[in-house]
Structure formats: C-alpha cells, structure tokens
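# Summary of structural features
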Amino acid sequence: MISFLLSLLALVLGYLLYGRFVEHVFGPDNRATPALTKADGVDFIVLPNWKIFMIQFLNIAGTGPIFGAIMGAKFGPVAYLWIVFGCIFAGAMHDYFSGMLSMRHGGAGLPEMIGQYLGKTTKNLMLVFTVLLLVMVGTVFVYSPAEILHSIGGDTMMWIIIIFGYYIIATMLPIDKIIGKVYPLFAFSLLFMAGALMVWLFLHWPTLPELWNNFYNMGAVTEPETWKDNIFPALFITIACGAISGFHGTQSPLMARCVKSEKMGRPIFYGAMITEGVVALIWATVAAWFFYGEPAPGYQLIESATAGFHTSAPAVVNLVCNDWLGVAGAVLAMLGVVAAPITSGDTAFRSGRLIVAEWLKLDQRPIPKRLYICVPMFAASIAMLIWQIENPDGFNTIWQYFGWSNQTLSVFTLWTITVYLVRHKKPYWITLIPALFMTTVCSTYLFISKQAFGLPANVAYTIGAACLVIALVWFCLWYRKETTNNIN
C-alpha cells in the first residue's frame, strides 16, 4: 500500500501548501458576508463553521467518492494519480473559488456567476443546463435507494413516494431546520466508515498493485468480463466527485450563504474537497484489494453473494462493510448507499430552487413563492423517473448523461474563474490548465461515447485535440483583447 500512503500524504500537503497558495491568490478579507448582509432566515443564515464543513462535505460527496472510486479502480493504480492531482489542482481549487466568488457576489448561484464573466448568452444556456443537471441528480438518487429499501421491506413505489415527500420538505424548509441538524450526522457516518476501513487496511496490509509495477490494468485479472473503456477519457469521467465535479459548483453557493467570515473559505471549501479525495483514495484502495488483491478475496465474497450483485459498486460497499466491519459496517453501508444519495438529491433540488429564484428575482421568504418553483421542478423529475422505471436501461442511461453533464459544468466553472482571475490581474494559469484539460476530456468523451456520437477512437481523439487547440487559441485572442482594452 505504498502508493496509497504516498497519495494520502500528497493530499495533506496539497491542502497545507497549494491550498494556502490558492487562498493567497483569491485574497479573503474582513468584509461582511452575505450570511450577514442578506440574512433571511431561510437560505442566508449564519451557521457554525464545523457544521458548514460537514454539510459541505456531505453535499459534494454523497456516494460519489465511493462508487466513482470503486469503478475507477478497475483502471489500476493510475486512479490514485487522478484522485491526487485532480483533487489538489482542479477539484479543491474549483470548489474554493465557486464558494468564494459566490460570497463576493452576494451569495449568487453558479449560472449567475457564469453570466457575470462569460456573458448573458452563456448564462441563459447554463441556467437551463444546470437546472436540468440538478433535476437529473435528484432523479437518479431516488430510484436506487428505493430499491435497496424495498429489499428490506415495503414496496418500491412506496419508498419513492416517501423519498419525494422528504425532498419536498427539505427543499422548502429553512436550511437550518433539517439540513443543518441531520446532515452533520450523515457526514460523520461517511467519515467514520472511511476511517474504519483505513484502519482495517493498515492492520491487514494487503498486497496490492503499485504505481511503479502495475500502473495501468485493463480489467481485473480474475474478472470474466473485459473492462473495455479507454482510460482517456473514461477514467476522468468515472472518478468525478473524488477529483473534480461540476455538481460541486452548484453546492458551494449553498454554504457560501451561511459563512460568517471569508477567511473560513479554505478549511470549508478547499478542505471539504481534500477530505472527499481522502475518502475516494480509501475506497480506491479497498476496490484494488477487491479487483486485484492476492488471492482476490473480493471475488470469493462475490461468489457467495446474491448473483444479481456481480461486481457493482453497491455490491462492493455492502460486502466489504459487512465482512470487515460487522454489524456496525452493515449500518454504515446502509447509510452510505441510502442516506447519502438521498441527501445529495435534496440539496440538488434546493440548489435548483435558488438558481431559478435568482433568475426570476423571486423572494424566497414567502412559502407560496417557493412552491412556484418547486412544483414544476418536481413534476419534471417525476416524469424523468417514470421514464427511467419503464426503460430497462433507464438508470444507466440517465447516469451516463449525468456523468458527462457533471464534468461539462465543471468546464464552464473553470473558465468562469479563469476570466475572473485575468480581470483581477491574478495568476490565471492555476485555472487555465485544468480548464483546458477538462475541455479536452469532455469533448473527447462526447465524440467517443456510445451514448453520444460513438465515433472511432482515433477520430474522437483527433477532434478532442482540435477542441483543445481551439480553446487555447480562443483564450489567447480574448486575453489579448482584454489586456489591450485595459491598457486603453
């Protein structure tokens, strides 16, 4: 587990060193935050810093750093590098600036900030795109928890109705009523589960592939099915929440409306993402034991499990937690695969409500005005859910579109931050490089994925490279025009 230990150390150093540099670039000060200047008792409320951190962590995490890391671990130890470098230089920086720019713009949502720096047309496009993404998040995080709860008891449709009922209540109520009270508990459960698994790994010290002798494995050695996805761009779409995720840009403004001091931005926004990276590292290591360990004990457990599980990410979570952590592990696994996605779903709908309210300039203190937005949004989600249930591959289809849309949203956020840094004469390269990289990832995936254009790999890679060149040239031309205007 030397690769794991080095990666863990790198994340800690990334927070202490690069995180401080990113903070220095932004320059937080003592100005009053929106939590104080726009306090409304619903969405703009000062909360304790530790509670904001826990809510932010759960909002951006959910099951993302678990399921994504498990699926990404099939590519081999190279997944460690993406988690580490993606988290430090892209994801944590992306989340930090998303939260801090929101604070500087009165608690503005992501589309509003994108419009401020990328123009009104882009703002309108991203408004629709972002709300659609958030509705997809809420939808995909309804059916799977309902199915798991159905295995315990009750009808699936009954659980769907219960979860939607919770969504409506949590979306409508002030943020400190349910989210502020329950989320820290669920966040602690996820952290405790990850910590317990890390202790188990240290105690047993399994033999795992290392970066220097098994850098990239195409499929698990004992898995009957071949893992066919190309490492580029599939790895960078598969592991999102543990490295960089556009969904986080919609969640950071939620907590930016509750922070009392700008100087708490680094531990809350940058720190929560680094913590998520640690969780992803732990689960990638657990999955490495599962897929590549000697003598592949994970597959021995799979053989004795329900046939329908195969090697899915939820199956790995359930089997590992039950086998390693006993009864406590079973409870934590249930929280992980049920509570975490549900909490991600309700904050997705809450973000959607606030984004639409900001666009329509609707005061969210009166309950009827919250309903004006929530009713159509939930109706769209229910329609999407019905389609998902009626189609055998509906969940996978929506999830794959969500994965690409999620990372595409991060591209627009990174370009927004880049423009902000250029206009404020700050080191813009810290976001320009990740923006160019993720632009190439998302464009290549769009052309190579069978759910999109499905072009041959050599053609898709050529178009992806062309998109990189176009983005770079476009930026250089804009930068030249911007600096010339500033001089004049």
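Our subject is the structure that appears above.
Residues numbered from 1 in each chain as written. Predicted model: local features only at pLDDT ≥ 70, side-chain atom pairs only at ≥ 80, totals over all residues. Heavy atoms only, no water.

Another point: the packing of helix H8 (residues 156-172) against helix H15 (residues 367-390). Closest axis-to-axis distance for the H8/H15 pair is 11 Å, and the angle between their directions is 155°. What the angle tells us is that H8 and H15 run roughly antiparallel. Both H8 and H15 take part in a crossing whose hand is right-handed. Listed contacts from H15 to Met157, Ile160, Phe164, Tyr167, Ile168, Thr171 and Met172 of H8 are Ile367, Arg370, Leu371, Cys374, Phe378, Ser381, Ile382, Leu385 and Ile389. Among the residues making up the contact of H8 with H15, the classes are represented as 13 nonpolar, 2 polar and 1 charged. (Axes fitted to C-alpha atoms, helices over the stretch in contact; angles between N-to-C directions. Helix = DSSP H or I, 4+ residues; strand = E, 2+ residues; numbered from the N terminus. Parallel < 35°, antiparallel > 145°, perpendicular 65-115°, else oblique. Left-handed = near helix turned anticlockwise from the far one by under 90°. Contact = heavy atoms within 4.5 Å. Nonpolar A, V, L, I, M, F, W, Y, C, P; charged D, E, K, R; others polar.)

Here we take up the pattern of salt bridges. For the coordinates displayed, the defined rule picks out 10 salt bridges. Of the charged contacts, one joins Arg104 and Asp29 as a salt bridge, the two residues approaching to 3.5 Å between their closest N and O atoms. Of the two residues, Arg104 sits in helix H5 (residues 78-104) while Asp29 sits in the loop between helix H1 (2-26) and helix H2 (34-37), which places them 75 residues apart along the sequence. Since its relative accessible area comes to 23%, Arg104 is described here as partly exposed. (Salt bridge = Lys/Arg side-chain N within 4 Å of Asp/Glu carboxyl O. Buried < 20%, exposed > 50% of the residue type's maximum accessible area, 1.4 Å probe, protein only.)

Moving on, we get to the packing of aromatic side chains. All told, the structure shown has 32 aromatic pairs when counted by the stated rule. Seen in terms of ring centroids, Phe164 and Tyr167 are 5.9 Å apart; in terms of plane orientation they differ by 75°. Their pairing is edge-to-face. Placement of the pair is Phe164 and Tyr167 together in helix H8, with a separation of 3 residues, close to one helical turn. On the numbers, 5.2 Å between centres and 85° between planes, the contact of Phe236 with Phe437 is edge-to-face. On the criterion of sequence distance, the pair formed by Phe236 in helix H10 (residues 231-238) and Phe437 in helix H17 (residues 429-448) is long-range, its members being 201 residues apart. Judged by its relative accessible area of 13%, Phe236 falls in the buried class. Take Phe437: its relative accessible area is 32%, and that puts it in the partly exposed class. Among the aromatic residues, those joined into a ring-pair cluster are Tyr18, Phe21, Phe85, Phe89 and Trp429. (Phe/Tyr/Trp six-rings, centres within 6.5 Å; stacked < 30°, edge-to-face > 60°.)

Turning to the side chain of Glu23, a few remarks are in order. Residue position: Glu23 is located in helix H1. Judged by relative accessible area, which is 15%, Glu23 ranks as buried.

With that out of the way, let us pick up H15. Its 24 residues give H15 an end-to-end C-alpha distance of 34 Å, which sits within 8% of 34 Å, the value for a rise of 1.5 Å per residue. The principal kink in H15, of about 25°, is found at Cys374, preceding the proline Pro376 by one to four residues. Taken together, the buried positions of H15 are occupied by Arg370, Ile373, Cys374, Met377, Phe378, Ser381, Met384, Leu385 and Gln388. (Expected span 1.5 Å × (residues − 1). Bend = angle between axes of the 7 residues up to and from the residue.)

Within the largest apolar cluster, 157 residues are counted, with the highest numbers of intra-cluster contacts made by Phe97 and Trp283. Filtering out sequence-adjacent residues up to four positions away, Trp283 remains in contact with Pro65, Ile66, Ala69, Ile70, Met193, Leu197, Val317 and Cys321. (Core = buried A, V, L, I, M, F, W, Y, C linked by side-chain atoms within 4.5 Å.)

Rolled over the atoms, a probe sized like a water molecule indicates the empty space that remains. Within the structure shown, the criterion is met by 4 cavities of 30 Å³ or more. Space inside the largest cavity adds up to approximately 80 Å³. If you trace the largest cavity, you find it lined by Ala73, Gly76, Pro77, Ala79, Tyr80, Pro209, Ala284, Ala288 and Tyr292. Considering every element that reaches the lining of the largest cavity, the biggest residue donor is helix H12 (residues 265-292), with 3 residues. Split into classes, the residues belonging to the lining of the largest cavity amount to 8 nonpolar, 1 polar and no charged. Roughly 40 Å³ of internal volume is contained in the second largest cavity. Surrounding the second largest cavity, Pro111, Glu112, Lys123, Leu127, Ile355, Glu358 and Trp359 form its lining. (1 Å grid on protein atoms, 1.4 Å probe; cavity = no way out; pocket = protein on both sides within 12 Å on 5 of 7 lines; lining within 4 Å. Points joined across faces, edges and corners; volume = space filled by probe spheres on them.)

Of the pockets and cavities examined, the second largest pocket occupies roughly 540 Å³. In this structure, the second largest pocket is lined by 16 residues; those nearest its centre are Leu118, Trp415, Ala471, Trp474 and Phe475. Counting residues per element, the ones that place at least two in the lining of the second largest pocket are helix H6 (110-118), helix H16 (394-423), H17 and helix H18 (457-487). Here the lining of the second largest pocket gets 6 residues from one element, more than from any other, and that element is H18.

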